[in-house]
Amino acid sequence: MPKAFASQADLAEKAISFERLSEHAYAYTTEGDPNTGIVVGDDAVMVIDTQATPVMAQEVIRRVASVTTKPIAYVVLTHYHAVRVLGASAYKPQQVISSQDTHDLIVERGEADMKSEIERFPRLFRAAESIPGLTWPTLTFRGEMRLHLGSLEIRLLQLGRGHTKGDTVVWLPQEKTLFSGDLVEFGATPYCGDAYFTDWPATLDALTSLEPENVVPGRGAALRGGDAAQAGIAGTRSFVRDLFAAVQEGVAAGKILRDVYAAAYERLAPTYGKWVIFEHCMPFNVSRAYDEAAGYRDPRVWTAQRDRELWQSLEGSIAGAS
Ligand SMILES: [Zn+2]
């Protein structure tokens, strides 16, 4: 039996948790599916990452309505990936905020990414027909933006490249609560198909320096308490470093992608193979790591066709993985 493409065999629904992390911060988490963060300010609400479709976003809106009647005025996109941003229209926000780099990625590769991700994750795009098109930021920033929702200060920080070129985290300094987007995962495999492996660990070091007391990762349960927060960041850093080290070795030895993939899979599976979407991520992760190790500074655009070709070229290179 060939291994099913990407996450096409992953059809089991996940349970949703909605929990209060600090005075103004809530986490909407989904057992390893993409998370959403919520900040309730004095007069308005901010949603951080939207879910994949407007229909799926309605579930977030229902949870928000259970704790406040304030309007959802702001949507923040931590990065450009379709599974995070295409539900935005459901919130009818006043502003959709992202880094300028994220805006640039939507211009450059948003269309291709939407088609690629919908094929990779059919379950995560429930009611994909409700997506009105790409989500366009209405406000962009470089480096840092501060919002003041009454007495609550919210910092949007672009601390470096990692999961993508445009990664933004949302930081509540008064409550030491961090919404990391996919820069940090917990119990879930970091997706590295658009990553900057050389930069990612230093960006994580910058998150460590914030000394968060709560972290909402991109996937996985909310991390409560400083120790859990640091452990989540450290686990992501280890995965990124271990993967890139394995691939760099293979590239330095002149090996072809298929052989590098088999070796990296074997090296990482004992430690990380239980993390959700490991099988899904590894072909894309190793492909990007191979490019970066070979000197390609920027990730290539993924298209639905390129996804399939890669999958087929690596299929069968793992003994017993079918
Ligand atoms: Zn992502």
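Before going into details, it helps to say that this report is about the structure given with it. (Residues numbered from 1 in each chain as written. Predicted model: local features only at pLDDT ≥ 70, side-chain atom pairs only at ≥ 80, totals over all residues.)

This part covers the nonpolar core. Counting residues in hydrophobic clusters, the biggest one holds 93 residues, and the most contacted among them are Val-47, Val-76, Val-169, Leu-243, Val-247, Ala-264 and Ala-289. Excluding residues that lie within four positions of it along the chain, Leu-243 makes contacts with Cys-192, Ala-264, Leu-268, Asn-285 and Ala-289. (Core = buried A, V, L, I, M, F, W, Y, C linked by C-beta atoms within 7 Å. Buried ≥ 20, exposed ≤ 12 C-beta atoms within 10 Å, placed from the backbone. Contact = placed C-beta atoms within 7 Å.)

Unusually for a residue other than glycine, Lys-92 sits at a positive phi of about 45 degrees. For Lys-92, the location among the structural elements is in the loop between α2 (82–85) and β6 (95–99). (Helix = DSSP H or I, 4+ residues; strand = E, 2+ residues; numbered from the N terminus.)

Our focus in this paragraph is the packing of helix α6 (residues 257–272) against helix α7 (residues 278–293). Put simply, α6 and α7 touch, their axes get as near as 10 Å, and they point 130 degrees apart. For the element pair α6 / α7, the angle class is oblique. For the pair α6 and α7, the crossing hand works out as right-handed. In contact with Leu-257, Val-260, Tyr-261, Ala-264, Tyr-265 and Tyr-272 of α6, α7 contributes Phe-278, Met-282, Pro-283, Val-286, Ser-287 and Tyr-290. Here the contact of α6 with α7 is built from residues that sort into 11 nonpolar, one polar and no charged. (Axes fitted to C-alpha atoms, helices over the stretch in contact; angles between N-to-C directions. Parallel < 35°, antiparallel > 145°, perpendicular 65-115°, else oblique. Left-handed = near helix turned anticlockwise from the far one by under 90°. Nonpolar A, V, L, I, M, F, W, Y, C, P; charged D, E, K, R; others polar.)

A separate point is the pairing of strand β3 (residues 33–40). Among the eight residues that make up β3, eight are buried, leaving the element largely enclosed by the rest of the structure. Of the strand pairs in this sheet, strand β2 (residues 25–30) and β3 are connected by five bridges, and their pairing is antiparallel. Note that in β3 the partner of Tyr-26 across the bridge is Ile-38. Hairpin connection between β2 and β3: a loop of two residues separates the two successive antiparallel strands, and Glu-31 in this loop has a positive phi of roughly 55 degrees. Relative to strand β4 (residues 45–48), β3 runs antiparallel, the two being bridged by four bridges. Considered in β4, the bridge of Val-40 is made with Val-45. Connecting the antiparallel pair β3 and β4 is a turn made up of four residues. (Pairing = 2+ DSSP bridges.)

Along the chain, the position of Phe-121 falls in the loop between α3 (100–120) and β7 (139–141). Spatially, the C-alpha atom of Phe-121 lies 18 Å from that of Gly-181, the residues being 60 residues apart in sequence. Sequence-distant contacts of Phe-121, defined by excluding residues within four places in its chain, comprise Ala-6, Ser-7 and Val-83.

This part is about the sheet that holds β3. Each strand in a sheet pairs with another by means of backbone hydrogen bonds, the pair being arranged parallel or else antiparallel. What the seven strands build is an open sheet, ordered β1-β2-β3-β4-β5-β6-β7; its pairing is mixed. Two strands bound the open sheet, and with one partner strand each, they are β1 (17–22) and β7. Neighbour to neighbour, the strand axes of the sheet diverge by 20 degrees on average, direction disregarded. Pairing between strand β5 (residues 72–76) and β6: three bridges, direction parallel. Opposite Tyr-74, over in β6, you have Gln-95 as the bridge partner.

Attention now moves to the sheet that holds strand β13 (residues 223–224). Taken together, the six strands give an open sheet; going across it, the order is β8-β9-β10-β11-β12-β13, and neighbouring strands pair in mixed fashion. Taken across any chain shown, the strands that pair with only one partner, and hence form the sheet edges, are β8 (144–149) and β13. Two elements, strand β11 (residues 177–181) and strand β12 (residues 214–217), share four bridges in a ladder whose sense is parallel. By the bridge assignment, Thr-177 is partnered in β12 with Asn-214.

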